[in-house]
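Listed below are the residues making up each chain.
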Amino acid sequence: MVCFFRQCHEACVARMSTQSSHQILTCPDTVRYGEPGYMNVLQTDKHQEKILTIISDSRFHRFWQATVTTNKHNASQIDLINWKKINCVGTKCSKVTSTNWVSVDENQDNHILYTISGGHTSQIQLFERSPNSLHVILYNQSAYGMVWTSSWSYNKMFPNHLCVGGRKSYVVDIMTSVKTKINTNGTEVFCQAFAKSAPLLYNGTKRGEIFSFDLRTPSNHRRNVASTLLHKTSVCCLKLLNDENYIVASDMSGKIKMWDIRMCAVVREYHGNNNQLRHLPFQIDSTENILYTVGQDCFTRMWSLNTGNLLNTIPPPLPASKQTLPSIIYSTDWAASPGLLLATQKQLDWYSL
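Here is what the cut-offs are and how they apply
- Residues numbered from 1 in each chain as written.
- Predicted model: local features only at pLDDT ≥ 70, side-chain atom pairs only at ≥ 80, totals over all residues.
- Heavy atoms only, no water.
- Helix = DSSP H or I, 4+ residues; strand = E, 2+ residues; numbered from the N terminus.
- Contact = heavy atoms within 4.5 Å.
- Areas by Shrake-Rupley, 256 points an atom, 1.4 Å probe, with all protein chains shown as cover.
- Pairing = 2+ DSSP bridges.
- Axes fitted to C-alpha atoms, helices over the stretch in contact; angles between N-to-C directions.
- Salt bridge = Lys/Arg side-chain N within 4 Å of Asp/Glu carboxyl O.
- Buried < 20%, exposed > 50% of the residue type's maximum accessible area, 1.4 Å probe, protein only.
- Phe/Tyr/Trp six-rings, centres within 6.5 Å; stacked < 30°, edge-to-face > 60°.
- Core = buried A, V, L, I, M, F, W, Y, C linked by side-chain atoms within 4.5 Å.
- Disulfide = S-S within 2.5 Å.

J.: So what exactly am I meant to see when it comes to the overall build of the protein chain here?
T.: A tally of regular secondary structure across the protein chain gives 1 helix and 28 strands. Counting only contacts in the protein chain whose residues sit at least 6 apart along the sequence, the fraction spanning at least 24 positions is 47%. With the model as given, the accessible surface of the protein chain reaches about 16000 Å², and the carbon-plus-sulfur share is 50%.

J.: Even after reading the chapter, I still don't get the sheet that holds strand S1 (residues 22-24), so can you show me in this structure?
T.: Ordered by their spatial adjacency, 4 strands build an open sheet running S1-S28-S27-S26, and the pairing between neighbours is antiparallel. Looking at strand neighbours, the two that pair on one side only are S1 and strand S26 (327-331), the edges of this open sheet. Adjacent strand axes in the sheet meet at a mean angle of 20°, parallel and antiparallel pairs treated alike. As judged from the 5 bridges shared by S26 and strand S27 (residues 339-344), these two strands associate in the antiparallel manner. In the strand pairing of S27, Ile328 is matched with Leu342.

J.: How should I be thinking about the pattern of salt bridges in this particular structure?
T.: It is possible for side chains bearing opposite charge to pair when their charged atoms get close. Using the criterion set out here, one finds 7 salt bridges in the structure. In this structure, Arg216 and Asp214 form a salt bridge, with 2.8 Å as the shortest nitrogen-oxygen distance. With relative accessibility at 14%, the residue Asp214 sits in the buried group. The partner of Asp297 in a salt bridge is Arg301, and the shortest N-O contact between them spans 2.7 Å. Classification of Arg301 by relative accessible area gives buried; the value is 10%. Look at the salt bridges and you will find they share partners, linking Asp29, Arg62 and Lys346 into a network.

J.: Can you help me understand the sheet that holds strand S10 (residues 147-152) in this one?
T.: Read from one edge to the other, the open sheet built from 4 strands follows the order S10-S11-S12-S13, with strand pairing classed as antiparallel. Each edge of the open sheet carries a strand with a single partner, namely S10 and strand S13 (178-182). Ignoring which end each strand starts from, the neighbouring axes of this sheet average 20° apart. Both strand S12 (residues 169-173) and S13 contribute to a ladder of 5 bridges, which runs antiparallel. Within S13, the residue paired with Val171 across the bridge is Thr180.

J.: I tried to follow the packing of aromatic side chains on my own but got confused; where do I start?
T.: Summed over the entire model, instances satisfying the criterion amount to 7 aromatic pairs. When the ring of Trp148 is compared with that of Phe190, the centres are 5.2 Å apart and the planes differ by 70°; the resulting orientation is edge-to-face. Remark: Phe190 occurs in strand S14 (residues 189-194) and Trp148 occurs in strand S10; sequence separation between them is 42 residues. Pairing Phe211 with Phe213 gives two aromatic rings, centres 5.8 Å apart and planes at 45°, and the pair type is tilted. This pair shows no difference in class: Phe211 is buried, exactly as Phe213 is.

J.: I keep staring at the pairing of strand S19 (residues 246-251) and nothing clicks. Help me out?
T.: Regular strands show a simple pattern: their side chains alternate between the two faces of the sheet. Here S19 lies mainly inside the structure; 5 of its 6 residues are buried. In terms of strand pairing, strand S18 (residues 235-240) meets S19 through 5 bridges, oriented antiparallel. Across the sheet, the residue bridging to Leu240 is Ile247, located in S19. Remark: 5 residues form the turn of the hairpin made by S18 and S19, two consecutive strands paired antiparallel. In this structure, S19 lies alongside strand S20 (residues 256-260), joined through 5 bridges in antiparallel fashion. Considered in S20, the bridge of Tyr246 is made with Asp260. Remark: 4 residues form the turn of the hairpin made by S19 and S20, two consecutive strands paired antiparallel; Gly254 in that turn has positive phi of roughly 95°.

J.: Can you help me understand the pairing of S20 in this one?
T.: The buried fraction of S20 amounts to 5 of the 5 residues, a majority that puts the element mostly inside the structure. The alternating pattern of S20 places Ile256, Met258 and Asp260 and Lys257 and Trp259 on opposite faces, both of which are buried. In terms of strand pairing, S20 meets strand S21 (residues 265-269) through 4 bridges, oriented antiparallel. Directly across from Asp260, in S21, lies its bridge partner Ala265. In this antiparallel pair of consecutive strands, S20 and S21, the connection spans 4 residues, and Cys264 shows a positive phi of 55°.

J.: Help me understand the nonpolar core in this model?
T.: Side chains that are nonpolar tend, in soluble globular proteins, to be buried together. Among the nonpolar cores identified, the biggest contains 34 residues, and Ile51, Leu80, Met302, Trp334, Leu341 and Leu348 are the most heavily contacted of them. Apart from the residues within four sequence positions on either side, Leu341 is in contact with Ile24, Leu42, Ile51, Ile78, Leu80, Ser327, Ile328, Ile329, Trp334, Leu348, Asp349 and Trp350. Counting residues in each nonpolar core, the second largest holds 14 residues, with Ala195, Leu200, Ile210 and Trp259 among its members.

J.: How should I be thinking about the state of the cysteines in this particular structure?
T.: This structure, assessed with the given rule, holds 0 disulfides. Cys8 forms no disulfide, and the closest cysteine sulfur to it belongs to Cys12, at a distance of 6.8 Å. Judged by relative accessible area, Cys8 falls into the partly exposed class, the value being 32%.

Here it is as structure tokens:
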């Protein structure tokens, strides 16, 4: 029965129109210093009820939040309402390198974790967005150089922990502010993920290695490296599946691979992605049926996670450039129907399944 529903889901994705069915009213962000800015992040909370986006220009990053609702005229489409600017960061010499919704209480995503890097220092900030205020929980400035990534721990053995990866990498206990350095053998960390069941932290590095660290052992001890997987170029994104024997990773040559961690072997590859040394993420939907990403050519591609088959390729709504690289979210759990939300510059398009 599970296999039947998975095949139906994949068939629907394969038949999804490559043309937008609905253009959504975008956020009321204003033009600053003659620069309209562009959306370079698009994320949803775990219940698909809120959207987080970042609009960037050469001087500022503005964090905006909206509520997801069903379109009044078409129940198969969504709209975004109640736009609120929740933070504004001046980054003339730096950029936001990672952003994550965080469920500190495991019920709802009211917290946002992000990192800013470039210039003389890097910043890591965790803040809570309440209905009428912004409460900063953790603020840290680092002189350790570039910071590329951050991740929140949902591991019950290590609650209230986050990790930060870059030229120097460490795990932070936000209750005590104690930082534990991670030994990465002298290479930069580009992406990270905590395991939920085992006390492990996975790190994708500039040299193409994926290290898994046992968090129970001292950070400077060689035995804390539980396993090592290897890509030929820098690893820019990795995600653990619910079955934590498997991890999916992408690199800067466009390769996307599923690894069996027990065997340290590739069990599946996802062909067709376009990347030439850009730090581009991929996503996996909540059903763990669909893997999707935007390539450097600005095309959106969607694969079957279970077979590796390329199901659909969606062209960009605007000519391809760095400023028109789409940000996307696909889900079967929207308030309306399953579909894809795609942001290009300040334009938001909805693709019905």
